[in-house]
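Coordinate inspection notes
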Amino acid sequence: MKNLQTYQVYSKLPEPLVFLETLARNYWWSWKHDAVDLFRRIDRQLWKDAGGNPIVFSTLVPQQRLDELAKDESFLAHLAKVRQHFEARVIQREAPVDDAFGPKDTVAYLSMEFGIHETLPIFSGGLGILAGDHLKAASNMDLPLTGVGLLYRQGYFQQFLDHNGWQQEEYPDTDVYAIPMVRAVDASGSELVIRVPGPNGDIHATVWKVMVGRTPLYLLDTFVEKNAPEARAVTARLYSGGTKVRLAQEVLLGIGGVRALSAMGTNVKVCHMNEGHAAFSVLERLAQTMEQYGVGLDAAREIVPRTTIFTTHTPVAAGHDEFPPDMVMPILKDFSPRLGVSEKEILSWGQPAGAPESAPMSMFILGLRMAQFCNGVSELHGKVARRMWSFVWPNRAEESVPIGHITNGVHVSTWVSPEIAMLYERYIGPEWYMGSRKPEQIARIDEIYDEELWRAHEMGRARLLRACREQMVRQHGRRNAPKSMMEEAERVLDKNILTIGFARRFATYKRANLLLHDPDRLEAILTRESMPVQFIFAGKAHPQDNEGKALIQKIVEFARRAGLRRRIVFIENYDIRIARYLLNGTDVWLNTPRRPFEACGTSGMKAALNGVLNLSILDGWWAEGYNADCGWAIGKGEEGGDAAYIDAVEAHAFYNLLENDVISTYYDRSSADAPERWLRMMKASMKMAMTRFCSLRMAGEYTDRYYIPAARRMDALTAEGAREARDLSVQHLRLTTNWSAVKIEKPLRELAGPFRVGDRFHTTAQVHLGLLNPDEVEVHLFFGVMRGFDKVSSGECLMMEVKEDRGNGDFLYGVTMKCRDAGRYAFTAHIVPRGDEWIRNTPGMITWA
């Protein structure tokens, strides 16, 4: 039917219950157990029927029930307690994090996906969940941060398996009116609609606002009437569609996100690009900087990079987007007049140095070239990223490539079970979720009685098994399984058996099939009469990843062996809800990636918060977190070499650990019903995760190392008519113009050696600077431990000083070196520009002897 106009009718809340609507429209409730319990208390079954969505729930609760609750003193006391907490943690504001941020200033946090809660299905996996936890941490800390993403009306996809165990995908429409969001307005109060150039013409988008505690999240939506059908579909699905759709999404996120914030009167003082998907934001920020401060492109290019953070989340090359020049030209054409340069010049910012004009535009390279603050998401990933992208800074030693790391963290109160949360509150204090800010309190976890902790863990496992059985019945029912199989599904898994969880994206590098390297040995482990084991699998493969789908199918086929149907299950349609059950209720969290392809892997951190022990390859975060007191490491951190050989070695290491350590530790109940050593490891695991891998620690690092310095630099660079930015642009041009004449000869030492620890020797080097002056450069003696024939590890630099001006731009530099440790060393020398990090790390500006 045409011309239908829709409207929604909700129950009428009695005056004492009006706060319930305020609570329902802020995702703060989703990480507060007291708030969730408040909704559940109204009607437990209806809450379950509503999928834990308070907006949907409000349409199901009978008016009579609401009237009853308005007179229920116990319920009203519960509501008052939640309201008091809400006002303290959402309405009231903390002291400003730094005076560099004014009331309209923000850190724009741009991400392709956000995992806030399962009722907002705009995420696919770890990147989105991390982004959601970042916003929640920002709310806890009251950071001046604003999230920007896209509203995918069909989300990622709903997964189900056919009779053969092959993944199928569905894309149901999300009811946007069941999401607690409102339309954003511009500075004048009018409904906000922004325009961006797309590969096939202009794209218009409306903007929605979602509140995540104190932190606003703005979502751009192309389902607007003035768009052509293909433009409307830009925000239909996440990570689906062709290259043009992906390009349009990234243009909308980066360019549209900055435009939307500007139109609302928000000043993007600092921009944080969560992956290269948001790299186009730098173009809009350059243009706006030129227009706002009346400067040229050269000066704008001194401001924007110094106020930009770029975080990469994947060491897999296929995870970084590239677009052919002819596809991006319509977007670049829109910026050419605003930036005052040609489309080809803009294109080159995203191409490797010396690449032909036909080379694709890399979002990763564009992000790196336009951000002073670049980081990976674990210590190991930082090293991998420096190695992967060292070609962007040619001739630079790998360890000095300007990509650092901030290890991810997880939002504690989102992921702990209600029972564990009660223990944390009892032993750490009412603000236990801020524990990583008060590390001295974390030691109190050791005071938890073993019986209390084990009982809490058993409650989580019981809830997990119940959810798995219900899900298995639904899965079999969907496939019209016979009655016998439906009855069997109701009895899968056993509450008294060691339960191992494996839940993650089914990409080939995550090696879900490592367990099946010796299927007969695994079956023997699962079915042993004493001390048996059971596995719960969950996870999605990308719709176009047939290899990942084949991994799922192999696991399902293995689970269909006659003796294994109650010992191993695959739970379909993995999402945040299922993740909570698994993280709260398994005994062991298994992770088997091929090192070093797991950038971080935050699910293991969430498991650890609940006392679940990690059994993992030494990759990502576990390379930092592993300690024999809190889990197990599979292998010894092997990398490279023959993949099949490493798979075999690590598979056998897994089986050996399981048979000889994990199982025996779990079932060792010699002096009590609870496993004493296991409980000690649970407590150690909880302390480790709370202290080192909490999102408050992560957000605090971003704030102290990146956000505040970037905000202060913005003030300094734009003060007095952007005088410093203009001066820096002149200096940068002078360096670029004259750098080709810079030369340095082989450094010479005064003594031949060998030397003893504590000895000193003097080294000099002849330097030619051409038209540059000594105060415009730094000359370093670079030295380190010899590795092989021509490699140096653990490289360090000593600043050399001018010893003699020999005229015509020639100078003699020198420095005295002290021998600190015994070993075989090597040294050389290089020249870099003098200045801040952005100047010193200019690609191509390093000259070696």
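Up top you'll find the structure we're talking about.
First, a word on scope: everything that follows refers to the structure included in this document. (Residues numbered from 1 in each chain as written. Predicted model: local features only at pLDDT ≥ 70, side-chain atom pairs only at ≥ 80, totals over all residues. Heavy atoms only, no water.)

Two elements in contact, helix H18 (residues 450–478) and helix H22 (residues 576–585), have axes whose closest approach is 7 Å; the angle formed by their N-to-C orientations is 140°. One way to sum up the angle between H18 and H22 is to call them oblique. As H18 runs across H22, the sense of the crossing is left-handed. Contact residues: His457, Gly460, Arg461, Arg463, Leu464, Ala467, Gln471 and Arg474 in H18; Arg577, Tyr581, Leu582, Asn584 and Gly585 in H22. Residue composition of the contact of H18 with H22, by class: four nonpolar, five polar and four charged. (Axes fitted to C-alpha atoms, helices over the stretch in contact; angles between N-to-C directions. Helix = DSSP H or I, 4+ residues; strand = E, 2+ residues; numbered from the N terminus. Parallel < 35°, antiparallel > 145°, perpendicular 65-115°, else oblique. Left-handed = near helix turned anticlockwise from the far one by under 90°. Contact = heavy atoms within 4.5 Å. Nonpolar A, V, L, I, M, F, W, Y, C, P; charged D, E, K, R; others polar.)

Let us look at the pattern of salt bridges. Should the charged atoms of two oppositely charged side chains come close, the side chains can pair. Under the definition given, this model contains 51 salt bridges. A salt bridge links arginine 338 to glutamate 284; the nearest nitrogen and oxygen atoms lie 3.0 Å apart. Separated by 54 residues along the polypeptide, arginine 338 in helix H12 (residues 325–339) and glutamate 284 in helix H10 (residues 281–293) bring together distant segments of the chain. Glutamate 284 sits in the buried class, given a relative accessible area of 2%. The residue glutamate 724 makes a salt bridge to arginine 713 at a minimum N-O spacing of 3.0 Å. The class of glutamate 724 is partly exposed, set by a relative accessible area of 29%. The structure contains a network of salt bridges with shared partners spanning Arg195, Asp202, Arg259, Glu284, Glu291, Asp334 and Arg338. (Salt bridge = Lys/Arg side-chain N within 4 Å of Asp/Glu carboxyl O. Buried < 20%, exposed > 50% of the residue type's maximum accessible area, 1.4 Å probe, protein only.)

Pairing in this open sheet of six strands is parallel, and the strands run E17-E16-E15-E18-E19-E20 from one edge to the other. A single partner strand is all that each edge strand has here, and the edge strands are strand E17 (568–571) and strand E20 (631–634). Strand-to-strand twist in this sheet, taken as the mean axis angle between neighbours without regard to direction, amounts to 20°. Helix-sheet contacts for helix H25 (residues 643–667) involve strand E15 (498–503), strand E16 (533–538), strand E18 (588–591), strand E19 (613–617) and E20, and the interaxial angle to E20 is about 165°. (Pairing = 2+ DSSP bridges.)

Moving on, we get to the pairing of strand E27 (residues 825–833). For strand E24 (residues 777–787) and E27, the ladder comprises nine bridges, and the chain directions are antiparallel. Its bridge partner being in E27, valine 777 is matched across the sheet by proline 833. Pairing of E27 with strand E28 (residues 847–848), which is carried by two bridges, proceeds in the antiparallel orientation. Residue pairing for E28: isoleucine 831 is matched across the bridge by threonine 847.

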